[in-house]
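Coordinates in review
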Amino acid sequence: MKNILLFVILLMTSISFAQSVRFDGFIQDEQKNPLEMANIMAVNNGTKAMDSYGITNDKGKFQLTLKPNTSYTVKVSYLGMKSKEIAISTKTENMVQNIVMDGSGIELEGVEIVREMPVSIKGDTIVYNADSFKSGTEKKLEDVLKKLPGVEVNADGEIEVEGKKVSKLMVEGKDFFDGDTKLGVKNIPADAIDKIQVLRNYNEVGALKGLENDQDNVAMNIKLKEGKKNFWFGDMTAGIGVAELDSRYIINPKLFYYSPKYSINLITNFNNIGELPLTAQDYFKFTGGFKNMMKKGGSNFNVSSNDLGISILRNNRAKEIETKFGATNFAYSVNKAWNISGFGILSTSKTDLETKSQTTILDSGDQQKRDELTHQKNNLGLFKLSSTYKPNDKFQFDYDILTKLSKQNEDTDLLRESVVNTISAVETILTNKKQDPTSVNQNLSLYYTQSDKNIFAFEMQHLYQDENPFYNANLRSQPFDLSGYISGQNRNDLNQDRFVKTNKLDAKLDYYYMVTPKSNFNITLGNTYSYQDFNSHIFQMLDNGDRNDLNSAENNNRVNYNFNDVFLGFHYKILTGKFTLTPGVSLHSYAMTNAQLGTDYSQNFTKVLPDFFALYQIKKSETLTYNFSLSNDFTDVNQLAAGYVLSDYSSLFRGNRFLENATSQVHSLRYFKYNMFNFENIFANATYTKKVDAIKTKADFTGINQSSTPYNSNLADETFTGMGSYGRSFLKNYKASAVASFNWSKFNNIQNNVLATTESFVQSYTVRASTNYKNFPNLEVGYNALINKYSGSTYYTDKPFARLDYYFWNSFSFVSEYEFYHYYNSNKTVDNEYDFLSASLIYQKKDSKWEYKVSATNLLNTTYLNDDSFSQFSTRVSQYTVQPRYIIFSMKYNL
């Protein structure tokens, strides 16, 4: 199959070469200086269509691919100069011609030419004309983005441009569900999109633009077609279908309204076909656009989540998934100075998972084999309200509040086979996990420009988090020897209540002084204060229904923990020649106290932490960046609680109140090159981290049961990660890329009182190529190799994949995707092959509002997929059951 696909691409490429003529040359100003990033396109005089376009490189060179024996009008534009038109007629030979631009003025026609270009650049903004890349099969924003040069969309709906993650998505300049691009990527209709603007070096606060290092900040703004403004648009989809044993359905209305004054978005989705608009993983990582405001401070104090390890879906695939989802997003301009916006998201899902896994303890080789049936109920809620008040260019006041509510319940029925010293034992275990955590995050920011040289910024962020996870395990054998535990029961019913409350306040005041137009001095006064309560209690339910409270101190926790960090930071940023340099240092005063077991334990010390940033602007679109930071890493209350905590039915954890901070030094080097001449995109990144006095784990294993406690290791942990990618477009209709990444880690832990060093080395390699024709079938083919090497074990996944889409007869769209997996380990004790095939056929007459679709998922009726993981003490290989084959017939009405 791979050879056939390669042959098709080569054939289409050869046809394209055989029927084309190359027209190239240089675009210069009147002094013969090259003009980089000038726009040029050729309009066919006969068809009035644009047959080719280009953007000049740093030497002013352009190259167009044209049809032979054809008359063209070549249009050239460059910001700040008069646009120019020349007439050419091609023959069968290649043509060379230099073009000189007139810099005496600007014509309005030049602006129009820029708008018509498929890709144009204006300062830090790249503008893509969406229609230039559509073939007719695109239904959502995601489909359009995947065809743009330099743009990638991963399976989680995250957008990357030039190797950088897009942190904000806007429509008509208005925020679209802050902090998450997935909802926009999966729901904004493709036919409503006019332009896609990529905003590089983005800073939400105009007063701070250029003062900070914003090179990694990227935002995206969607410009709508004129017919979609001041009118409701969207679509309503309803479908029914069949699987092998039951019926399937989907109901998916989406409505959008945009005007200069306000905007409203409504998205709903009810289905049992496996579509999850928002997963539990998305929910917990959803930031709502809140920034890491203390990133310059040099301290890392992160509040961990007590989520009980509730299972997260792999690629949204499970045995059964039923979802009810609703979301709304609004923005309203009260007046020219005041804007408010917000969103609300509600999601309910029921999920059944069937998993087979084998866990191997690295030290002993003992194994635990599990067959699990899990049923989940997730109720998730997200609500945000934002306000921005900017009466003039000198003052801005922002306030945001984000609330997260959830209610989760997970029941698991598992059959465990433990193999200890070659002796096998089998038992049935029932577990229940439930929680309904709440968090409220508030942000207040003030920005004041006193003069051109003096700028002030005050930012404050408060987090309130209330967590109450409950865990129950019902086993045949007694897992642990706990004080007060009554042995000899038919079933060992072990329970734990846990309550964790957090109040965390971050505040900082920044003063910027512009020394020169190319240099500034920054003073930061900041404070992080956190107060946490941690309470937990273990109890046993007896066979007769009585409750046995394990009241000894070791089975209970009552901990109060205070953390305080006051710091003063100094940074100096200077642009000199091709270099941007920002050396900095921060002086910290730390105070920590944890109260438990009737006593207080306190730590107080000061520390100086340096950091350094350097950017080498090799060319206009070629950079080399170096970052260095020395930081203090602190744990929160979860690892300080000295009483026992149940991690699961085979793992018992006990904290250490005497833990100290770790110190991390991080070096990162990043190379980036983007050439609009041929849309060549080169990106490479390498990061080395060395952590001293890291908080590690001392684990004792009794067979497969683990008791562990944290400690400060005097041996350094090290990680080295790297990624490189190369992509470019060929002859306007071809796009290819190659990506390689790796992650090497070395960890030190104590296992059964013996110091153990473990290493992991994860590698991934991907190549892909695709076409983008308007009147021919389009094909994407690729191959991914994944190699996971852990201590003593290596797992491989070979994954060729292909996608075919074809718009034909001005009414039909056909899309099909295929993935093949070969999963095996080094000694072939695991060796599985499986594949997934999906296809859809859509019928919609031109200009009709009705669309009819037949789609089939998992056509080959694959039953499972594989995965593996590494925990520093063990390796785990898993097999997940996935949804069966089903066919859906749906109708969609476009407003």
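From a predicted model like this one, the values you see are computed outputs, not experimental measurements.

1. Side note on the overall build of the protein
A count of helices and strands for the protein gives five helices and 52 strands. In terms of overall dimensions, the protein is globule-like: its C-alpha atoms have a radius of gyration of 30 Å, near the 29 Å expected for 895 residues. Overall size of the protein, expressed as C-alpha extent along the three principal axes, is 95 × 70 × 50 Å. For the protein, with 895 residues in total, the buried portion stands at 51%. Looking at the protein as shown, the accessible area adds up to about 40,100 Å², and 55% of this sits on carbon and sulfur atoms.

2. Topic: unusual backbone geometry
Not every positive phi belongs to a glycine, and Asn 421 is a case in point at roughly 55°. Among the structural elements, Asn 421 can be located in the loop between strand E24 (395–420) and strand E25 (423–435). A positive phi angle is found at Leu 597, which is not glycine, with a value near 55°.

3. Remarks on the environment of Leu 380
Following the sequence through the fold, Leu 380 ends up in strand E23 (residues 367–392). By relative accessible area, which is 6% here, Leu 380 ends up buried. Measuring from C-alpha to C-alpha, the distance between Leu 380 and Asn 675 comes to 43 Å, with 295 residues separating the pair along the chain. Not counting residues up to four positions away in its chain, the partners in contact with Leu 380 are Thr 279, Ala 280, Tyr 283, Ile 345, Leu 346, Ser 347, Leu 405 and Ser 406.

4. Things to note about the sheet that holds strand E3 (residues 50–55)
Strand order in the open sheet formed by four strands is E3-E2-E5-E6, and the pairing between neighbours is antiparallel. Since the sheet does not close on itself, it has two edges, and those belong to E3 and strand E6 (84–89), each with one partner. In this sheet, adjacent strand axes meet at a mean angle of 20° when their direction is disregarded. Here strand E5 (residues 71–77) pairs with E6 via six bridges, running antiparallel.

5. Looking at the confidence of the model for the protein
Looking at the protein, pLDDT values average 88 and 94% of them are 70 or higher. Below a pLDDT of 50 lies the segment residues 1–18, which in the model reaches 19 contacts outside its immediate sequence neighbourhood of four places, other chains included. Counting interchain partners and residues more than four positions distant, the pLDDT-below-50 stretch residues 106–115 has 19 contacts.

6. What to know about the packing of aromatic side chains
Tallied over the full model, the rule gives 38 aromatic pairs. Measuring from centroid to centroid gives 4.4 Å for Phe 301 and Phe 563, while their planes differ by 5°, and the two rings are stacked. Of this pair, Phe 301 sits in strand E20 (residues 299–301) while Phe 563 is found in strand E32 (residues 556–576), placing the two residues 262 residues apart along the sequence. Assigned by exposure class, Phe 301 and Phe 563 land together as buried. Seen from their ring centres, Phe 808 and Trp 809 are 5.3 Å apart, and the 75° between their planes marks the pair as edge-to-face. Taken together, the ring pairs connect Phe 301, Phe 563, Tyr 590, Phe 605 and Phe 634 into an aromatic cluster. Sitting over the ring of Phe 539, Arg 547 keeps its end group 3.7 Å from the ring centre.

7. Digging into the nonpolar core
Counting 54 residues, the largest nonpolar core has Tyr 128, Leu 145, Phe 176, Ile 196, Met 220 and Ile 345 as the members making the most contacts within it. The element that contributes the greatest number of residues to this core is strand E16 (residues 218–224), accounting for four residues. Excluding residues within four positions of it along the chain, Met 220 makes contact with Leu 145, Ile 159, Val 161, Val 166, Lys 168, Leu 169, Met 170, Ile 196, Gln 197 and Val 198. In this structure, Phe 23, Leu 66, Tyr 72 and Val 76 belong to the second largest nonpolar core, which totals 18 residues.

8. Things to note about the pairing of strand E19 (residues 262–271)
Here E19 shows a clear split, with Ser 263, Asn 265, Ile 267, Asn 269 and Asn 271 buried on one side and none of Tyr 262, Ile 264, Leu 266, Thr 268 and Phe 270 buried on the other. Relative to E19, strand E18 (residues 247–258) runs antiparallel, the two sharing seven bridges. Looking at the pairing, Phe 256 lines up with Asn 265 of E19. Between E18 and E19, which follow one another and run antiparallel, lie three residues. In the sheet, E19 pairs with strand E21 (residues 320–333) via 10 bridges, with the strands oriented antiparallel. Each residue of the ladder has a partner; that of Thr 268, found in E21, is Gly 326.

9. What to know about the environment of Asp 194
Locating Asp 194 in the fold gives a position in strand E15 (residues 193–200). Here Asp 194 falls in the buried class, since its relative accessible area comes to 16%. In this structure, the C-alpha to C-alpha distance between Asp 194 and Tyr 795, residues 601 residues apart in sequence, is 45 Å. A distance of 3.2 Å separates a polar atom in the side chain of Asp 194 from a polar atom in the side chain of Lys 195.

About the cut-offs
Within any chain, residue numbers begin from 1 and follow the written order of that chain's sequence. Given that this is a predicted model, residues contribute local features only at a pLDDT of at least 70 and side-chain atom pairs are listed and counted only at 80 or more, while totals for whole chains, interfaces and linings are drawn from all residues. Heavy atoms from the whole structure form the basis of all side-chain values; hydrogens and water molecules are not counted. In this text, helices come from DSSP runs of H or I with a minimum length of four residues, and strands from runs of E with a minimum of two, each type numbered from the N-terminal end. Here the globule rule reads 2.2 Å times residues to the power 0.38, and the radius of gyration is calculated from C-alpha atoms. A 1.4 Å probe rolled over the protein chains alone gives each residue an accessible area, and that area as a share of the maximum for its type sets the label: buried under 20%, exposed over 50%, partly exposed in between. To be clear on the numbers: accessible area is Shrake-Rupley with a 1.4 Å probe, and residue cover counts the displayed protein chains and nothing else. By definition in these notes, contact holds between two residues if any of their heavy atoms fall within 4.5 Å. A pair of strands is treated as paired once DSSP finds two or more bridges between them. Lines fitted to the C-alpha atoms define the axes, with helices restricted to the stretch that makes contact. Angles between their N-to-C directions range from 0 to 180 degrees. The predictor rates its confidence in each residue with pLDDT, a number between 0 and 100. Between the rings of Phe, Tyr and Trp (Trp by its six-membered ring), a pair exists once the centres lie within 6.5 Å; its type follows the angle of the planes, with under 30 degrees stacked, over 60 edge-to-face, and the other angles tilted. Ring-over charges, as used throughout, are those where CZ of Arg or NZ of Lys falls within 6 Å of the ring centre and within 35 degrees of the ring normal. To define a nonpolar core, start from buried Ala, Val, Leu, Ile, Met, Phe, Trp, Tyr and Cys residues and group those joined through side-chain atoms within 4.5 Å. N or O atoms closer than or at 3.5 Å make up a polar contact, with two conditions inside protein: a donor-capable atom paired with an acceptor-capable one, and, for residues adjacent in sequence, both atoms drawn from side chains.

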